[in-house]
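One letter stands for each residue in the lines below.
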Amino acid sequence: MAAPRAEVTAHVALGANLGDAGKALREALAALNAVPGVRVQRASSLYRTAPVDSSGPDYLNAVAEVATTLTAPALLDALQAIEQAAGRERPYRNAPRTLDLDLLLYGECRIHSTRLTVPHPRMGERAFVLVPLAEIAPQLVSAAALRAVAGQRIERAGPIEVGVRP
């Protein structure tokens, strides 16, 4: 029998701008926490932001820190299954969405495949990722990175509650 995989700390961005976005993000966190091999350790506040390279209503965004024994591709599969269950459609790049889950970081790993790039290639350009990430893991976001996105509108929209498993 193979030895169990060691837990890796990963960070996941959550966003939605169609329907009840707050409910969608809370349900996505609960669904993520229910995936075998994944445990939500903490989640940022909700943040309201204007769409970037897109249109439609404002987004609600958050970042979750998870401990996982899944591989990065298996975690991506779980994120995409949660998106699909929430009715996610991909009619065109950056289309408005019911739910968007992005794997930002997977431990210290650097992954470049046709399916997955970690760290997320555009995370350093987006306040809606860096501000909530800095809230829960300030050691991962430099002051210079936050200054670089300071011109993007972002406002704290309140807490997001999720039950955290021990």
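Remember, predicted model here, so these are calculated numbers, not experimental data.

Participant: Would you take a moment to explain the overall build of the protein for this structure?
Facilitator: What the protein contains, in helices and strands, is four helices and eight strands. When the helices and strands of the protein are read in sequence order from the N terminus, they spell out β-α-β-β-β-α-β-β-β-α-α-β. For the protein, with 166 residues in total, the buried portion stands at 44%. Long-range contacts, defined here as pairs at least 24 residues apart, represent 71% of the contacts in the protein between residues at least 6 apart. For the protein, the computed accessible surface area is about 8,400 Å², with 54% contributed by carbon and sulfur atoms.

Participant: Is there a simple way to explain the side chain of H120 in this structure?
Facilitator: Looking at the element boundaries, H120 is found in the loop between β7 (117–118) and α3 (127–136). Overall, the relative accessible area of 14% leaves H120 in the buried class.

Participant: What should I look at first to understand the pairing of strand β4 (residues 59–68) in this one?
Facilitator: The element β4 is largely enclosed, with a buried count of 10 among its 10 residues. Burial along β4 is two-sided: Y59, N61, V63, E65 and A67 facing one way and L60, A62, A64, V66 and T68 facing the other are all buried. One ladder, built from five bridges, connects strand β2 (residues 38–43) with β4; its direction is antiparallel. The residue bridging A43 from the neighbouring strand is A64, located in β4.

Participant: Help me understand the pattern of salt bridges, please; the structure alone is not making it clear to me.
Facilitator: Side chains that differ in charge, positive against negative, can pair when their charged atoms come close. The full count for this structure, using the stated rule, is five salt bridges. Here K23 ties to E27 by a salt bridge, and the two come within 3.8 Å at their closest N and O atoms. With K23 and E27 both in helix α1 (residues 21–33) and four residues apart, this pair spans about one turn of that helix. Note on E27: relative accessible area 47%, which makes it partly exposed. Residues R115 and D77 are paired through a salt bridge, measuring 2.3 Å at the closest nitrogen-oxygen approach. Residue R115 is found in the loop between β6 (111–112) and β7, and its partner D77 is found in helix α2 (residues 72–85); the two are separated by 38 residues along the sequence.

Participant: Sorry if this is basic, but what is going on with the side chain of E65 here?
Facilitator: With respect to the helices, strands and loops of the structure, E65 is situated in strand β4. When neighbours within four sequence positions are excluded, E65 is seen to be in contact with T9, A10, H11, R39, V40, Q41, R42, I136 and A137.

The rules behind these values
Residues numbered from 1 in each chain as written. Predicted model: local features only at pLDDT ≥ 70, side-chain atom pairs only at ≥ 80, totals over all residues. Heavy atoms only, no water. Helix = DSSP H or I, 4+ residues; strand = E, 2+ residues; numbered from the N terminus. Buried < 20%, exposed > 50% of the residue type's maximum accessible area, 1.4 Å probe, protein only. Contact = heavy atoms within 4.5 Å. Areas by Shrake-Rupley, 256 points an atom, 1.4 Å probe, with all protein chains shown as cover. Pairing = 2+ DSSP bridges. Salt bridge = Lys/Arg side-chain N within 4 Å of Asp/Glu carboxyl O.

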